[in-house]
Amino acid sequence: MTVRLAVTLFTLFLLTQDARSDLLEYGDDEEDLHDTTVNQMLVPRSHQEDATLILNNLLREYDKTLRPDIGEKPTVIDVGIYVNSIGPVSSIDMEYQIDIIFAQTWVDTRLRYNSSSMRILTLNSNMVGLIWLPDTIFRNSKNADSHWITTPNQLLRIWNNGKILYTLRMTINAECQLQLHNFPMDEHSCPLEFSSYGYPRDEIVYKWKRNSVETSDQKYWRLYQFDFMGLRNTTDVLTTTAGDYVLMTVYFDLSRRMGYFTIQTYIPCILTVVLSWVSFWIKSDATPARTTLGITTVLTMTTLSTVARNSLPRVSYVTAMDLFVTVCFLFVFAAMIEYAMLNYYSYSIRRPPPKMQQMAYSSFNMGRTPRSMMPMGNSLFWHDYDDNCLYECLDGKDCKSFFCCFEECKEGGWRKGRIHLNIRELDSYSRVFFPTSFLLFNIVYWVSYLYL
């Protein structure tokens, strides 16, 4: 009984091992079948052999140093540009940065092939160095870099009729001559120029594709101080000593935003000018207060002028911002000069003329004697300034002046056609003249630069 049970268990063990072995072999066969199916779907063996055979046949007697149809007709290059991003734009260096995908299409009859299964060969950058490529250069680029991460960003496609598409991603720092006469309300058209380096137009002709220039979403662009207004492309002929070349140009229209300069320059300048007018409401004998205010506003305008110039190249002409800052500086300086004039003439009036000190009157003496003086602080003031003015006006010493403080002096015949200003009311005149003239200047300034 024991022997029979042992034999039965041994038999079951052998059957179990055979079943497991068959199952594992079946699983391996299924995996092999699955891998073979995947490989056949990715690269069928027949297509791979065809592509290899086609490339070997094309490159067997191919000379990449010669352009297509050499000696017969010009090679036509169709070009297209996809703009990934533009910016930043440097006003100091007068350049801008642009990231593009540059596409060139041409026909090379030497690369025609007959294959019903493969109409297009899509190749990587390893094939680029084995065929002829146009010697296109960007004429206004300061420096340019191709993208090589993770692999060279190049694409090459060959059609069975010999058509070739070659694309390359580049980042270019291109020159843009900014005209800053209207800065910071200026608009610019920054060009991107390219042409052949060695082939004149009787050998290579560039043409724009339909919808040749396209742009990506502008929200990712780095135009911090500019708005993108649009673009346009042109075709010209560049004449040099080496021949005539087809010159292709794309213009990117940019308009500067004023927000930064309004906050950093315009508003501080306006507030500084308004602050300088406070001195017109301060008493004329408060010399320390008015002098300190005038000097402070002048120095502030000097600092603002220096800071405004830091964001500009050292151009020799006057920009719109230079004009505004200069006029604001003149207003602040004029407010300080106004007090200097007021203080000088007031002091001159307070001093008794030498002839009155000597009691020497002219033939126009009206019989009036000078009134007594009374001390006020460290200065002597006349009780009545009319005596001074009467003496100076009637004695002929001040009759050619525009300033007079005696009523009878204003009514004389010599005053006809002249402007009468009361020097003691100079602050009152300035309270009206300075704000009015500054307001008129702002109206003319902003209308001229924004709308004309």
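Data block above holds the structure.
Rules used throughout
- Residues numbered from 1 in each chain as written.
- Predicted model: local features only at pLDDT ≥ 70, side-chain atom pairs only at ≥ 80, totals over all residues.
- Heavy atoms only, no water.
- Helix = DSSP H or I, 4+ residues; strand = E, 2+ residues; numbered from the N terminus.
- Buried < 20%, exposed > 50% of the residue type's maximum accessible area, 1.4 Å probe, protein only.
- Contact = heavy atoms within 4.5 Å.
- Areas by Shrake-Rupley, 256 points an atom, 1.4 Å probe, with all protein chains shown as cover.
- Expected span 1.5 Å × (residues − 1).
- Bend = angle between axes of the 7 residues up to and from the residue.
- Axes fitted to C-alpha atoms, helices over the stretch in contact; angles between N-to-C directions.
- Parallel < 35°, antiparallel > 145°, perpendicular 65-115°, else oblique.
- Left-handed = near helix turned anticlockwise from the far one by under 90°.
- Nonpolar A, V, L, I, M, F, W, Y, C, P; charged D, E, K, R; others polar.
- Phe/Tyr/Trp six-rings, centres within 6.5 Å; stacked < 30°, edge-to-face > 60°.
- Lys NZ or Arg CZ within 6 Å of the ring centre and 35° of its normal.
- Pairing = 2+ DSSP bridges.
- Salt bridge = Lys/Arg side-chain N within 4 Å of Asp/Glu carboxyl O.

1. Topic: the overall build of the protein
For step 1, the next point in the chain: What the protein contains, in helices and strands, is nine helices and 13 strands.
For step 2, the next point in the chain: Counting over 452 residues, the protein shows a buried share of 37%.
For step 3, the next point in the chain: Of the contacts made within the protein by residues no fewer than 6 positions apart, 74% connect residues no fewer than 24 positions apart.
For step 4, the next point in the chain: As presented, the protein carries roughly 27500 Å² of accessible surface, and 57% of it is formed by carbon and sulfur atoms.

2. Re helix 3 (residues 259-276)
For step 1, the next point in the chain: Helix length check: helix 3 (18 residues) gives 25 Å between terminal C-alpha atoms against 26 Å at 1.5 Å per residue, within 8%.
For step 2, the next point in the chain: Of all the bends in helix 3, the greatest, near 30°, is centred on Tyr-266, and the proline Pro-268 appears no more than four residues after it.
For step 3, the next point in the chain: Those residues of helix 3 that sit buried are Phe-261, Thr-265, Tyr-266, Cys-269, Thr-272, Val-273 and Ser-276.

3. Notes on the packing of helix 3 against helix 9 (residues 426-451)
A pair of packed helices is captured by two measures, namely the crossing angle of their axes and the spacing between those axes.
For step 1, the next point in the chain: Put simply, helix 3 and helix 9 touch, their axes get as near as 12 Å, and they point 160° apart. In terms of axis orientation, helix 3 runs roughly antiparallel to helix 9. Here helix 3 and helix 9 pass one another in a crossing that is right-handed. Together, Tyr-266, Ile-270 and Val-273 of helix 3 and Phe-438, Asn-442, Tyr-445 and Trp-446 of helix 9 make up the contact between the two elements.
For step 2, the next point in the chain: Class assignment of the residues belonging to the contact of helix 3 with helix 9 gives a composition of six nonpolar, one polar and no charged.

4. A look at the packing of helix 3 against helix 4 (residues 287-309)
For step 1, the next point in the chain: Contact geometry of helix 3 with helix 4 gives a least axis separation of 10 Å together with a crossing angle of 165°. In terms of orientation, helix 3 lies roughly antiparallel with respect to helix 4. In the crossing of helix 3 with helix 4, the sense of the turn from one axis to the other is left-handed. When helix 3 is examined against helix 4, the residues Gln-264, Thr-265, Pro-268, Cys-269, Thr-272, Leu-275 and Ser-276 are found in contact with a partner set consisting of Leu-293, Thr-297, Thr-300, Met-301, Leu-304 and Ala-308.
For step 2, the next point in the chain: Here the residues of the contact of helix 3 with helix 4 are counted per class, giving seven nonpolar, six polar and no charged.

5. Thoughts on the packing of aromatic side chains
Any pair of aromatic rings gets described here by the distance separating the centres and the angle formed by the planes.
For step 1, the next point in the chain: Summed over the entire model, instances satisfying the criterion amount to 28 aromatic pairs.
For step 2, the next point in the chain: Taking the centre distance of 5.1 Å and the plane angle of 75° together, the rings of Phe-102 and Phe-194 count as edge-to-face. Of this pair, Phe-102 sits in strand 2 (residues 95-107) while Phe-194 sits in strand 8 (residues 187-196), and the two are 92 residues apart along the sequence.
For step 3, the next point in the chain: Judged by centre distance (6.3 Å) and plane angle (35°), the rings of Phe-438 and Phe-441 are tilted. Of this pair, Phe-438 and Phe-441 both sit in helix 9, three residues apart, which is roughly one turn of the helix. Of the two residues examined, Phe-438 and Phe-441, each falls in the buried class.
For step 4, the next point in the chain: Among the aromatic side chains, those forming a connected cluster through ring pairs are Tyr-266, Trp-277, Phe-280, Phe-324, Phe-331, Phe-433, Phe-434, Phe-438, Phe-441, Tyr-445, Trp-446 and Tyr-449.
For step 5, the next point in the chain: Sitting over the ring of Tyr-251, Arg-232 keeps its end group 4.6 Å from the ring centre.

6. Quick notes on the pairing of strand 7 (residues 163-175)
For step 1, the next point in the chain: In terms of burial, strand 7 is a largely internal element, ten of the 13 residues being buried.
For step 2, the next point in the chain: Of the strand pairs in this sheet, strand 2 and strand 7 are connected by 13 bridges, and their pairing is antiparallel. Residue Ala-103 lies in a different strand from strand 7, and its bridge partner there is Thr-167.
For step 3, the next point in the chain: In the sheet, strand 5 (residues 141-146) pairs with strand 7 via five bridges, with the strands oriented antiparallel. Within strand 7, the position partnered with Asp-145 by the bridge is Thr-171.
For step 4, the next point in the chain: By the bridge criterion, five bridges tie strand 6 (residues 154-159) to strand 7 in an arrangement that is antiparallel. Bridging across to strand 7, Leu-155 finds its partner in Thr-167.

7. A closer look at the environment of Phe-331
For step 1, the next point in the chain: Along the chain, Phe-331 falls in helix 5 (residues 320-350).
For step 2, the next point in the chain: The exposure class of Phe-331 is buried, given its relative accessible area of 12%.
For step 3, the next point in the chain: Considering only alpha carbons, one finds Phe-331 and Ser-437, 106 residues apart in sequence, at a separation of 9.4 Å.
For step 4, the next point in the chain: Discounting residues that sit within four places of it in the chain, Phe-331 has contacts with Val-273, Phe-434, Ser-437 and Phe-438.

8. Side note on the pattern of salt bridges
For step 1, the next point in the chain: Here the structure, examined in full by the defined rule, presents twelve salt bridges.
For step 2, the next point in the chain: Where Glu-338 meets Arg-290, a salt bridge forms, and the shortest distance between an N and an O atom there is 3.2 Å. Highlighted residues: Glu-338 in helix 5 and Arg-290 in helix 4, separated in sequence by 48 residues. One exposure class covers both Glu-338 and Arg-290, and it is buried.
For step 3, the next point in the chain: Overlapping salt bridges, with partners in common, bring together Arg-290, Glu-338 and Asp-427 in one network.

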